[in-house]
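For reference, the chains in residue letters:
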Number of protein chains: 2
Amino acid sequence: MPRTVALLTTLLALLLPDGAHASMRNVILIIGDGFDDQHVTMGRNYLAGMSGKLKVDDLSFRASVQVETLSTSGAPRYVADSANTATSLATGKVTSMGRIATDIDDRDVMTIGERAITAGFKVGLVTTSSLTDATPASFLSHVSARSCEGPEEVLGSTYYGIPQPACLADARDNGGPGSIIEQLVSSGASVLLGGGQKFLAQTTIDNETVAAMAARYRFQVVSSASALAAANFEQPLIGVFSEETLAVRWRGTDGRIAEATETSWLHNLSDYLGDTKEPDVMDCEPNPEYADTPPLAMMTQTALEHLSTDNDQGFFLMVESASIDKQSHKRDPCGSIGEIEQLEEVLEQALEFADAHPDTLIIVTADHAQAAQILPEPTLYSGFPIPIYSPGLTARINTPEGSVMRINYATNNGFSEEHTGANVPLFANEVGARLLRPFLRQREVHDAMMLFLLGAVTPGLGEITP
Amino acid sequence: MPRTVALLTTLLALLLPDGAHASMRNVILIIGDGFDDQHVTMGRNYLAGMSGKLKVDDLSFRASVQVETLSTSGAPRYVADSANTATSLATGKVTSMGRIATDIDDRDVMTIGERAITAGFKVGLVTTSSLTDATPASFLSHVSARSCEGPEEVLGSTYYGIPQPACLADARDNGGPGSIIEQLVSSGASVLLGGGQKFLAQTTIDNETVAAMAARYRFQVVSSASALAAANFEQPLIGVFSEETLAVRWRGTDGRIAEATETSWLHNLSDYLGDTKEPDVMDCEPNPEYADTPPLAMMTQTALEHLSTDNDQGFFLMVESASIDKQSHKRDPCGSIGEIEQLEEVLEQALEFADAHPDTLIIVTADHAQAAQILPEPTLYSGFPIPIYSPGLTARINTPEGSVMRINYATNNGFSEEHTGANVPLFANEVGARLLRPFLRQREVHDAMMLFLLGAVTPGLGEITP
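Note that residues are indexed from 1 along each chain, following the sequence as it is written. By the order in which they are written, chains take letters starting at A while ligands take numbers starting at 1. In view of the model being predicted, local features appear only for residues whose pLDDT reaches at least 70, and side-chain atom pairs are presented and counted only at 80 or more, with totals across whole chains, interfaces and linings using the full set of residues. Only hydrogens and water are set aside when side-chain values are computed; all heavy atoms of the structure are taken into account.

Two residues qualify as a contact provided that any one of their heavy atoms is within 4.5 Å of a heavy atom in the partner residue. Taken residue by residue, the interface counts 73 residues in chain A and 73 residues in chain B. Here, a salt bridge means any Lys or Arg side-chain nitrogen found within 4 Å of an Asp or Glu carboxyl oxygen. For the interface between chain A and chain B, the tally reads zero salt bridges. If one sorts the elements of the side of chain A that touches chain B by residue count, helix H2 (residues 37-47) of chain A sits on top with six residues. For this scheme, ten residues count as nonpolar: Ala, Val, Leu, Ile, Met, Phe, Trp, Tyr, Cys and Pro. Four count as charged, namely Asp, Glu, Lys and Arg, and the remainder, Gly too, count as polar. Of the residues that constitute the side of chain A that touches chain B, the class distribution is 34 nonpolar, 26 polar and 13 charged. By definition, any uninterrupted DSSP run of H or I lasting at least four residues is a helix, any uninterrupted run of E lasting at least two residues is a strand, and each is numbered from the N terminus.

In structure tokens:
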């Protein structure tokens, strides 16, 4: 397959207009994890105002992307996780939840990251999650379960006391390619920036830390914003700035998140009796834990400079704002909104880069829909003489334009909200507008990126199957 | 203003290419009430399959439309109702909830329907709701509150025992233009089809029924599918096929809607104890009450034939599938899905019409987002040893492709779900693609339709203010 790609690239280069081969061809894929239309609108209302515009709104193209998920037996499922959706975007193949670039029969599916490296492009992954989290992992590694992040977890782990899948066939102990972090550092990537110190500190079967293994693969390993700023662009670069997920930029007042509506004692007697007390209004404020965290835009800027140094061919860069989703799981709307702001800053940088490098495809999309809903403030029935309130958890946020935005979470009563199943938005620059259709499946987004990177900007050429 | 419009039309006709003035120029605006991305996806999953396509998906253009709502004092609100959103689409002005083509200071704002009639276009409104419901009302009437549907309600009414606003200044009793139904029959519309027999039966201050008043305005008044089929195209046509909202096409098994998860007695002692029993899976089945109801597509076909008979200039037609929203309020996902099927059938007819009449702008959009969410089936935490379930109401529906789709409603614990605040999708044909941008506000959708009807297909000309 690598040989076919190389051949095709050569062939296409011959067909391209004069000099076109010499210019860089770049893909910047910006993934807002859980950045569905409720979250886009929540971000717009807070960051730009009800009648304002986000930067994604000013892009020249917009599509809807259907999210496809299979059960382990291959039947359709209507709600995804970040592993199977990132796999669709990275490989063009639909798979089951929890899988990292493997199909439902556990066969590895080649990723756009790997194909790009094989064809001579540089590749970078930048994220606010751990580098080993499902979204970045799916672009440069293959395991049967997303939980197999490090050499320890690949043999089995637990989450809130619940056993998580091991990936025994993938473990190096059994002759496999290793855990996600081991595969990332041996992938040929040029830039890997995010969280995940915990996994670099683990020991491989060669009795070295993953950090030492990375150094053996010529990586500079950095773990602070200042070290990131001082990195050279000759060696590949891995930066991990927290144990796992990076701290988020914002939080609610004093760390408040969505809360339950309180009801008076009388309400125990009948649904029609009693009073309600809704959660107080809150503000969004800086999260003190974020202080030393490199902004996603800073990581992206470093990645863009690194990837474009001494590079005539081009690159594939995936940047993920991961905690739009993670904060929605935690019912923390201010947390999500701050990470939408980070995504917007990344888009601004990508657009500036594309101004100077016109053969740059910029795509912003979400991987799946999430739990948060914007609800009426006050509730439509606040004047009714019976207590009507959301059975879920509610946050009421002061917006900079002086109104109150009510965000509700009610997918379950447990410790973490669940994803939802709506199709997700996709925004693209003019290069993308020539390549994409207004309705796509995630696998078709992959196909379009592949065709662009291989030099064939011809929509409708069909799927590339591995 | 009418004179300005007529002048502008003449002026533009002079500037248009040869013969362009002679061809009809038509707008078909299809509103799916509450047809947000969760509902679009729910419809796609059921009607076309997870990997299938709806007809809206095959249109050549897609945008996101931001919904804008004001408080009565003019501050931004983040969730709308169908009155203020239809007002934005019909007039280009943002207003407060419950208002019908009036601004927050209760001034009438001219609608695209009125402007079209003034400029010589024919106008039709077709809906599965009562003709007097907020969406159709906003295109050809002006009252301070959506509740003022008939000559009785304009003086005051109640809803579930709660007093609803009167529109005393609008009442003919006080020298106003009258209730919504009275304004509709005197508007100069050519076709009005939907529900609302109740309002035609009311008596006006002239001691005649509204039906008699309509006859005075030359309307044929029909109230059955067979009478509709026999209508002539010379006289204006009003058809009302139920007391208020038309019956919907589908329902859940034996009329089942979303239901609560039952918990065992032990769960009363602790959140961590007890078992749960989720609602049984259901099918979508034909709603027996629908039997004699004319399909929305049949009403639309009649309207298209009527409006295009002896008409060189063109028309404005608004078609609403109203009960996508109304069934979501009632937590009846099968009800909503059947009405999405009706919307798809209308789109098919509109596209056929546009094939024969190329200067036809087709726009499909929603007015606001709704409550339903597609959730994981089974819940992600079904394997956990503690009971985790949605605090809302759940429907689990067998889909034709053999999977189960879980729909959840949890905006409140009362008798009717509340709208949500996400931006909504807009789909358009090639004519629309030349006219629209990928991010719009509802007022800008109005502006684009106005510019098209006046003959100026020049995007970015700016807003038309009344």
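What follows covers unusual backbone geometry. Negative phi characterises most residues that are not glycine, and trans characterises most peptide bonds. With omega at -5°, the peptide bond leading from A:Glu377 into A:Pro378 counts as cis. Among the structural elements, A:Pro378 can be located in the loop between strand S18 (373-375) and strand S19 (393-398). The backbone of A:Asp254 sits at a positive phi, close to 50°, despite the residue not being glycine. Inspection of the secondary structure puts A:Asp254 in the loop between strand S11 (250-252) and strand S12 (262-263). The buried label goes to any residue with under 20% of its type's maximum accessible area, the exposed label to any with over 50%, and the partly exposed label to all in between, with areas taken from a 1.4 Å probe on protein chains only. Given a relative accessible area of 64%, A:Asp254 falls into the exposed group. The phi torsion at B:Asp310 lies on the positive side, around 50°, for a residue other than glycine. Secondary-structure assignment places B:Asp310 in the loop between helix H10 (296-308) and strand S16 (315-321). The exposure class of B:Asp310 is exposed, given its relative accessible area of 73%.

We now examine a nonpolar patch on the surface. Residue and element names in this part refer to chain A. Distance thresholds for patches are 9 Å for like charges and 5 Å for nonpolar side chains (Val, Leu, Ile, Met, Phe, Trp, Tyr), applied to residues having over 30% relative accessible area and no salt bridge. Surface accessibility follows the Shrake-Rupley procedure with a 1.4 Å probe radius. Residue values consider only the protein chains on display as shielding. On the surface, a nonpolar cluster with roughly 590 Å² of combined accessible area is contributed by Trp265, Leu266, Leu269, Tyr272 and Leu273. Secondary-structure assignment places tyrosine 272 in the loop between S12 and strand S13 (276-277). Overall, the relative accessible area of 57% leaves tyrosine 272 in the exposed class.

Another aspect to go through is helix H12 (residues 333-356) of chain B. With 24 residues, H12(B) ought to run about 34 Å at 1.5 Å a step, and its terminal C-alpha atoms sit 35 Å apart, in line with that. Within H12(B), 17 of the 24 residues are buried, which leaves it mostly tucked inside the rest of the structure. Expected span, for any helix, means 1.5 Å times one less than how many residues it has.

Mapped onto the fold, B:Thr420 is located in the loop between strand S20 (404-409) and strand S21 (424-428). Using a relative accessible area of 2% as the deciding quantity, one classes B:Thr420 as buried. For the purposes of these results, a polar contact is taken to be a pair of N or O atoms within 3.5 Å, where, inside protein, one atom must be able to donate a hydrogen and its partner to accept one; residues adjacent in sequence count only when each atom of the pair is a side-chain atom. For B:Thr420, the side chain forms a polar contact with the main-chain oxygen of B:Gln370, separated by 2.9 Å. In this view, B:Thr420 contacts A:Gln38, A:Gln373, A:Ile374, A:Leu375, B:Asp36, B:Val79, B:Ala369, B:Gln370, B:Ala371 and B:Thr411; residues no more than four positions away in its chain are not counted.

Here the copies were fitted onto each other by least squares, based on C-alpha atoms from residues at pLDDT of at least 70 in both. Of the two same-sequence chains, chain A is brought onto chain B (RMSD 0.0 Å, axial shift 0.0 Å) by a rotation of 180°. Such values leave the two copies arranged in the relation of a two-fold axis.

The subject of this paragraph is the state of the cysteines. Residue and element names in this part refer to chain B. We call a pair of cysteine sulfur atoms a disulfide when they lie within 2.5 Å. For the coordinates displayed, the defined rule picks out four disulfides over all chains. Across a sulfur-sulfur distance of 2.0 Å, cysteine 148 and cysteine 167 are joined as a disulfide pair. Measuring the twist about the S-S bond at about 90°, one finds the cysteine 148-cysteine 167 disulfide to be right-handed. With a gap of 19 residues between them, cysteine 148 in the loop between helix H5 (134-140) and strand S6 (157-159) and cysteine 167 in the loop between strand S7 (162-164) and helix H6 (180-185) connect regions that are remote in the sequence. Cysteine 167 matches cysteine 148 in its accessibility class, with the two residues each being buried. Each disulfide pairs two cysteine sulfurs, and for cysteine 284 the partner residue is cysteine 334, the sulfurs being separated by 2.1 Å. Its S-S torsion of approximately -80° makes the covalent link between cysteine 284 and cysteine 334 left-handed. Note that cysteine 284 is positioned in strand S15 (residues 284-286) and cysteine 334 in helix H12, a separation of 50 residues in sequence. Under the relative-accessibility criterion, cysteine 284 is labelled buried at 15%. Across chain A, the disulfide pattern expressed with sequentially numbered bonded cysteines is 1-2, 3-4.

A separate point is helix H2 (residues 37-47) of chain B. Note that an α-helix has 3.6 residues per turn; residues three or four places apart therefore point the same way. All names here are of chain B. With ten of its eleven residues buried, H2 lies for the most part within the structure. All of the buried residues in H2 are Asp37, Gln38, His39, Val40, Thr41, Met42, Gly43, Arg44, Asn45 and Tyr46. The opening residue of H2, the one whose side-chain oxygen lies 3.2 Å from the backbone nitrogen of glutamine 38, is aspartate 36. A positive phi of about 95° marks glycine 49, the residue just after H2.

Residues and elements named next belong to chain A. Summarising burial for strand S1 (residues 26-32): seven of the seven residues are buried, a large majority. Across the two faces of S1 the burial is the same, with Asn26, Ile28, Ile30 and Gly32 and Val27, Leu29 and Ile31 all buried. Should DSSP find at least two bridges between two strands, the strands are regarded as paired. As paired elements, S1 and strand S17 (residues 360-366) share seven bridges and run parallel to each other. Bridging from a neighbouring strand, isoleucine 30 pairs with valine 364 of S17.

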